[in-house]
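# Results of the structural survey
Residues per chain, in single letters:
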Amino acid sequence: MVWPKRKLYIRTFGCQMNVADSELMAQILGEQYDLTARAEDADLFLINTCAIRRKSEEKVKSLLGSLKPLKRARPQLILGVGGCVAQQEGERLLAFAPHLNLVFGAKGIYRLPELVDRAARGERVVDVAMERDLPDLPHRTWSPGTFQTMVTIMRGCDNFCSFCVVPYVRGRETSREPGAIVDEVAAFAAAGGLEVTLLGQNVNSYGRGLPEPMTFPQLLRRLDALPGLRRLRFATSHPRDLSPELVNAFGELGSLCEHLHLPVQSGANRILQRMNRGYTREHYLEKVAALKGACPGIALSTDLIVGFPGETEADFLQTLDLMREAGFDQAFSFKYSPRPQTRAATFPDQVPEDVKAERLARLQALQDELTRKAHARLVGREQEVLVEGRSKRSPQEWCGRLRTNQVVNFIGPRELLGSLARVAITEAHPHSLKGRWVEGSSTCNRAAERPGTSPREVSCSER
Ligand code: 5AD
Ligand code: SF4
């Protein structure tokens, strides 16, 4: 008799890397556990956490508190916390949450079956060891019928930006072997996959320390040559390490999408220096100009921090000025949040919360204006859209993305899911576009070739 597998529920906080890590956790536990979408059914409940800002950490702690009744109702439930907060807090999390069974850090993912086993036998387990060498597991995280996937190509970060907790919780930078990455993407493309997003804290420095060093653009070239792969994306990039070779790749590689996320953080040289970013606003703007020269029409997005210690009104105005000059299509903006172990948390000239909030509102108003203009420029144009799923807000519409990463909603036939369709852009909205399907235009419907692909209510993020 075959016993049914136990049920695993994973709640993920934070960035795309965490989403990919959660998929890896499910893969590693796949022999014992099947994923469920219903937390109430779980035998194992894992929370994959983010420590980048205090708010993300607080959300995790409040979720942990709210799980007490579930744990009381299902005493056999194994409750585990992984990821950056787990790495940072370790033992302290067990003291904070007496109903918690397991705490595992960045590298503990690879030991999950053994850790879960020990927790199931009643032990309260903590594994936050940070050793360097890890098995390069095949990250076969896509399921049949999937046309988009994320592939982690490197882990950790050596940059030590003075505000950032990542080097402390994710450890030193390590690149995966190029051969393993290429094999994985080739297998995905051969199975009908269309779009791959390569992930790492700073993919631009990919390849350092490998036995046979390889640059990131060289890796991109190898992937671009794979048959079937139509869209290649990556995140995230450090402006200092954006080489001329990578800039040129945008003009040369057919599958490389015309979008780059290039976090600038601040537009003031004084602040960039205190952040330990290793570039000036002039260097950044030169790189933006080079990108626009090599790839006209490239869309740029960025991350911005307001209220970094010592930031004056004049510094902040420099940030607004840089945003206008770079003409960002999209920006993710944050109030500075002091993080444990980081240098900036010890700086004496912290900016008051009300000043941070006021600057954030002004910055976001400017970005909304820039995004509106970028969207308006697309109206009247016909564009290629990868159809990702039903729109969350109006389920009769499809939702997809342009190569330049904007979200488009439009009405079209059922079989469009997972295809590259041509869509004429008809309306610009603050966070998305509306379009009209150009009939008979599905340029590549590899999803239709696969059995068992059916429309899903895909959460196509609208911001
Ligand atoms: N406070 C505010 N924002 C931060 N980020 C990283 N650390 C902090 C912090 N301490 C932002 C940066 C980074 C993004 C992922 O999160 O903008 O690029
Ligand atoms: Fe953090 Fe800087 Fe590394 Fe990005 S590059 S993860 S901001 S330390």
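Above this note sits the structure.
Here the residue numbers are simple positions, counted from 1 along each chain's written sequence. All chains are assigned letters beginning with A, and all ligands numbers beginning with 1, in the order in which they are written. For this predicted model, a pLDDT threshold of at least 70 governs which residues receive local features, and a threshold of 80 or more governs which side-chain atom pairs are given and counted, while totals over whole chains, interfaces and linings are taken from all residues. As a convention, hydrogens and water are excluded, and side-chain values are obtained from all of the structure's heavy atoms.

## Considerations on the pairing of strand β15 (residues 382-390)
Across a regular strand the side chains alternate sides, sitting on one face of the sheet and then on the other. Test applied: Categorising residues by exposure relies on relative accessible area from a 1.4 Å probe, with only protein chains included: less than 20% of the type maximum marks a residue as buried, more than 50% marks it as exposed, and the intermediate range marks it as partly exposed. For the purposes of this entry, the term helix denotes a DSSP run of H or I that reaches at least four residues, the term strand denotes a run of E that reaches at least two, and both are numbered from the N terminus. For two strands to count as paired, DSSP must find a minimum of two bridges between them.
Most of β15 sits out of view: eight of its nine residues are buried. One ladder, built from five bridges, connects β15 with strand β18 (residues 420-428); its direction is antiparallel. For Glu384, the partnering residue across the bridge sits in β18 and is Arg422. In this sheet, strand β16 (residues 398-402) lies alongside β15 in antiparallel orientation, the contact comprising five bridges. Looking at the pairing, Val385 lines up with Leu402 of β16.

## Quick notes on the sheet that holds strand β3 (residues 44-49)
The test is simple: Where helices are involved, their axes are fitted lines through C-alpha atoms of the stretch in contact, as for all axes, and angles between N-to-C directions lie from 0 to 180°. Here a residue-residue contact requires only that any non-hydrogen atoms of the pair lie within 4.5 Å.
In spatial order, the strands read β2-β1-β3-β4-β5-β6; together these six strands make up an open sheet with parallel pairing. Because the sheet does not close on itself, it has two edges, and the strands there are β2 (33-35) and β6 (125-127). Recorded for the sheet is a direction-independent mean angle of 20° between the axes of neighbouring strands. Here five bridges tie strand β1 (residues 6-12) to β3, and the two strands are oriented parallel to one another. Paired with Leu8 across the bridge in β3 is Leu44. Where helix α1 (residues 16-28) meets the sheet, it contacts β1, β2, β3 and β5 (102-104), and its direction lies at approximately 170° from that of β1. The strands touched by helix α6 (residues 112-120) are β2, β3, β4 (78-83), β5 and β6; relative to β5, the strand with the most contacts, the crossing angle is about 160°.

## A word on the state of the cysteines
The bond known as a disulfide is covalent and runs between the sulfur atoms of two cysteines. For clarity, the cut-off: In what follows, a disulfide is any cysteine sulfur pair within 2.5 Å.
Within the structure shown, the criterion is met by zero disulfides. Residue Cys84 stays outside any disulfide, its sulfur separated by 6.1 Å from that of Cys50, the closest cysteine. On the basis of relative accessibility, which here comes to 8%, the residue Cys84 falls in the buried class. Unpaired in terms of disulfides, Cys295 finds its nearest cysteine sulfur in Cys257, a separation of 10 Å. Here Cys295 falls in the buried class, since its relative accessible area comes to 5%.

## What about unusual backbone geometry?
A cis amide bond links Ala235 to the next residue, Thr236, at an omega of 5°. If you check the backbone angles, Gln265 has positive phi at about 75° while not being a glycine. Its place among the elements puts Gln265 in the loop between β12 (259-261) and α11 (269-274). For Gln265, a relative accessible area of 7% corresponds to the buried category.

## Some thoughts on the pairing of β18
Here five bridges tie β18 to strand β19 (residues 433-437), and the two strands are oriented antiparallel to one another. Residue pairing in the sheet places Ala428 in a bridge with Leu433 of β19.

## What about the packing of aromatic side chains?
Rules: Geometry of aromatic contacts follows a simple scheme: Phe, Tyr and Trp rings, the Trp one being its six-membered ring, pair when their centres are within 6.5 Å, and the pair is stacked under 30 degrees between planes, edge-to-face over 60, tilted otherwise. Consider the ring centre and the ring normal. A charge sits over the ring if Lys NZ or Arg CZ is within 6 Å of that centre and within 35 degrees of that normal.
In total, this model carries nine aromatic pairs according to the counting rule given. With centroids separated by 5.4 Å and ring planes inclined at 80°, the aromatic side chains of Phe160 and Tyr168 adopt a geometry described as edge-to-face. Considering the side-chain rings of Phe308 and Tyr336, the 5.4 Å spacing of their centres and the 70° angle between planes classify their relative orientation as edge-to-face. Taken together, the positions of Phe308 in the loop between β13 (299-306) and α13 (313-326) and Tyr336 in the loop between β14 (330-335) and α14 (353-378) put the pair 28 residues apart, joining distant regions of the chain. Relative accessible area serves as the criterion here: at 0%, Phe308 is assigned to the buried category. Overall, Tyr336 belongs to the buried group, its relative accessible area being 3%. In this structure an aromatic cluster arises from ring pairing among Phe163, Phe308, Tyr336 and Phe347. When the ring centre of Phe13 is taken as origin, the NZ or CZ atom of Arg11, which lies over that ring, is 4.4 Å away.

## Focus: the packing of helix α8 (residues 178-190) against helix α9 (residues 216-224)
Which entries qualify depends on this criterion: Angular relationships are summarised with four words: roughly parallel below 35 degrees, roughly antiparallel beyond 145, roughly perpendicular across 65 to 115, and oblique for the angles in between. Note on convention: near helix rotated counterclockwise from far helix by under a right angle means a left-handed crossing. Clockwise means right-handed.
The N-to-C vectors of α8 and α9 enclose an angle of 30°; their axes lie 10 Å apart at closest approach. With respect to their mutual orientation, α8 and α9 come out roughly parallel. For α8 against α9, the interelement crossing comes out right-handed. Of the residues in α9, those touching α8 at Pro178, Ile181, Val182 and Val185 are Leu219, Arg222 and Leu223.

## Remarks on the nonpolar core
Rules: In plain words, nonpolar cores are sets of buried Ala, Val, Leu, Ile, Met, Phe, Trp, Tyr and Cys residues tied together by side-chain atoms within 4.5 Å. What fixes the domain bounds is an automatic or database domain assignment.
Ranked by size, the top nonpolar core spans 54 residues in total, and within it Ile153, Leu198, Phe216 and Phe234 carry the most contacts. Taken domain by domain, this core gets at least three of its residues from each of domain 2 (143-257) and domain 3 (261-376). Those residues in contact with Ile153 that lie beyond four places of it in its chain are Thr174, Ser175, Arg176, Ile181, Leu198, Leu199, Val203, Tyr206, Phe216 and Leu219. Judged by nonpolar contacts, the second largest core, of 26 residues, contains Ala42, Cys50, Leu70 and Val103.

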